[in-house]
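# A structural walkthrough
Single-letter residue listing:
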Amino acid sequence: MTRFDAETAPVDEDPGTGSPGPRRALLEAREVPLGGVRAMSVHRFLPQRDLPLVGAWCFLDRFGPQRTRMRVEPHPHIGLQTVTWPLAGEVHHRDTLGSDVVIERGALNIMTSGAGIAHSEYSVGDEPIPLDALQLWVALPEERRHGAPEFERHADLPELDLGGGAAATVVVGELAGAASPATMHTPIVGAELRLPAGTVVDLPLEAAWEYAVVPVFGSVRVDGEDAAAPDAVAPGALLYLGDGRDGIRLTAGDEEATVFLLGGEPFGDEIVMWWNFVGRSHDEIEVAREEWEAASDRFGHVVGHGDERIPAPPLPHVRLTPRRRRL
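Here is what the cut-offs are and how they apply
Residues numbered from 1 in each chain as written. Predicted model: local features only at pLDDT ≥ 70, side-chain atom pairs only at ≥ 80, totals over all residues. Heavy atoms only, no water. Helix = DSSP H or I, 4+ residues; strand = E, 2+ residues; numbered from the N terminus. Buried < 20%, exposed > 50% of the residue type's maximum accessible area, 1.4 Å probe, protein only. Contact = heavy atoms within 4.5 Å. Pairing = 2+ DSSP bridges. Axes fitted to C-alpha atoms, helices over the stretch in contact; angles between N-to-C directions. 1 Å grid on protein atoms, 1.4 Å probe; cavity = no way out; pocket = protein on both sides within 12 Å on 5 of 7 lines; lining within 4 Å. Points joined across faces, edges and corners; volume = space filled by probe spheres on them. Nonpolar A, V, L, I, M, F, W, Y, C, P; charged D, E, K, R; others polar. Phe/Tyr/Trp six-rings, centres within 6.5 Å; stacked < 30°, edge-to-face > 60°. Lys NZ or Arg CZ within 6 Å of the ring centre and 35° of its normal. Core = buried A, V, L, I, M, F, W, Y, C linked by side-chain atoms within 4.5 Å.

When its secondary structure is counted, the chain shows two helices and 24 strands. Per-residue burial for the chain yields a buried fraction of 55% across its 327 residues. Long-range contacts, defined here as pairs at least 24 residues apart, represent 75% of the contacts in the chain between residues at least 6 apart.

So this is what it looks like as structure tokens:
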């Protein structure tokens, strides 16, 4: 999905000392424009000023819940995987590989850009529909980010019984011995957890990985720590948990809770993010922008579209630099 917002800011004004900070932080999502206009309500959880990545996860938007007509014209990506996880409604995805699919609840759609890909996203039908989804990006490691693009769809994802009526869907990566069939390129996990009201779940984690918890519906207590309300984290916030944990305890509130768990091995490279591109330097981003504007073969042509496409915004007047973690 395309981005037009303050994330185009070129520099991290205070790169910090790199010394360790708090290993737990509650970070509020912020509303941002989508596609250059505020036609949809979009809330961004990652990247944050103090937290550019959780493992290789570098971007998380939630668009919805709302009733809307979505029209995101062809736009490019480099250096990342898009992970689309629908909560309600259907979205028509088309890309330059010839993929032409409807994205719906329960099915994972993952697009690997490699050196370059373009795609479009339309809500199904011509009228506004109920729409809600998580859109996530995963930064690709050096050995994969220059390769060919790919698209995968997986409707049969592993389920975990967490006890007490609670369950998890392993969307990507691995959790508690269950592995998603999706092709990933770093040690990672993304999982949807569903907890009946009042349920307590002890969830095993990899101590060497870092994690974050994002409530989608309802509130949860995480290790009994104080957060958005006494002992609770509610939708609209991301709770960063850091690393060094071999497990966490989640307790649902008075209503059923749905939570998305992000985690993974800390990413080894500093990244430069601008618009829809994840790179390593200003020059690399500049070349990708020029090639998109020139309709280069690098990005191809999105099936089913004519000349319509989203133009790249202008680059800032100073050089883009990596955002550095303060947490």
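Spatial strand order, β17-β21-β19: three strands in an open sheet with antiparallel pairing. The two strands at the open ends of the sheet, each matched to only one other strand, are β17 (200-204) and β19 (220-222). When strand polarity is set aside, the average angle formed by the axes of neighbouring strands in this sheet is 25 degrees. In terms of strand pairing, β19 meets strand β21 (residues 247-252) through three bridges, oriented antiparallel. Directly across from valine 222, in β21, lies its bridge partner leucine 250.

With that out of the way, let us pick up the pairing of strand β13 (residues 159-163). By the bridge criterion, four bridges tie β13 to strand β14 (residues 166-175) in an arrangement that is antiparallel. When the sheet's bridge partners are listed, glycine 163 is paired in β14 with alanine 166.

Attention now moves to the environment of glutamine 66. Within the secondary structure, glutamine 66 is located in strand β4 (residues 57-68). For the pair glutamine 66 and valine 42, spaced 24 residues apart in sequence, the C-alpha to C-alpha distance is 10.0 Å.

A word on empty space enclosed by the protein. Scanning the entire structure with this criterion turns up three cavities of 30 Å³ or more. If you add up the space inside the second largest cavity, you get close to 40 Å³. Taken together, Thr82, Thr84, His93, Ile103, Asn109, Ile110, Met111, His119, Glu121, Gln135 and Phe151 make up the lining of the second largest cavity. Every element with two or more residues in the lining of the second largest cavity is listed here: β6 (80-88), β9 (108-112) and β10 (117-123). For the lining of the second largest cavity, the element with the highest residue contribution is β9, accounting for three residues. Classifying every residue of the lining of the second largest cavity gives four nonpolar, six polar and one charged.

All told, the structure shown has seven aromatic pairs when counted by the stated rule. Seen in terms of ring centroids, tryptophan 292 and phenylalanine 299 are 5.6 Å apart; in terms of plane orientation they differ by 90 degrees. Their pairing is edge-to-face. The pair formed by tryptophan 292 and phenylalanine 299 is uniform in burial state, with each residue classed as buried. Here the aromatic residues Trp274, Trp275, Phe277, Trp292 and Phe299 are joined through ring pairs into a cluster of three or more. If you follow arginine 94 out to its NZ or CZ, it ends over the ring of tyrosine 122, 5.5 Å from the centre.

One broad trend across soluble globular proteins is that nonpolar side chains are buried collectively. Residues Trp57, Cys58, Val83, Val172, Leu238 and Leu262 are the most contacted members of the largest nonpolar core, which totals 42 residues. Looking at this core, the element that brings in the most residues is strand β11 (residues 129-139), giving five residues. Valine 172 has contacts with Trp57, Val83, Leu108, Ile110, Ser180, Ala182, Met184, Ile188, Val189 and Gly190, leaving out every residue within four places of it along the chain.

On to the pairing of β9. In terms of residue burial, β9 counts as a mostly covered element, since five of its five residues are buried. Every second residue of β9 is oriented toward a common face, with Leu108, Ile110 and Thr112 on one face and Asn109 and Met111 on the other, all of them buried. By the bridge criterion, five bridges tie β9 to strand β12 (residues 150-154) in an arrangement that is antiparallel. Looking at β12, one finds that threonine 112 is bridged to glutamate 150.

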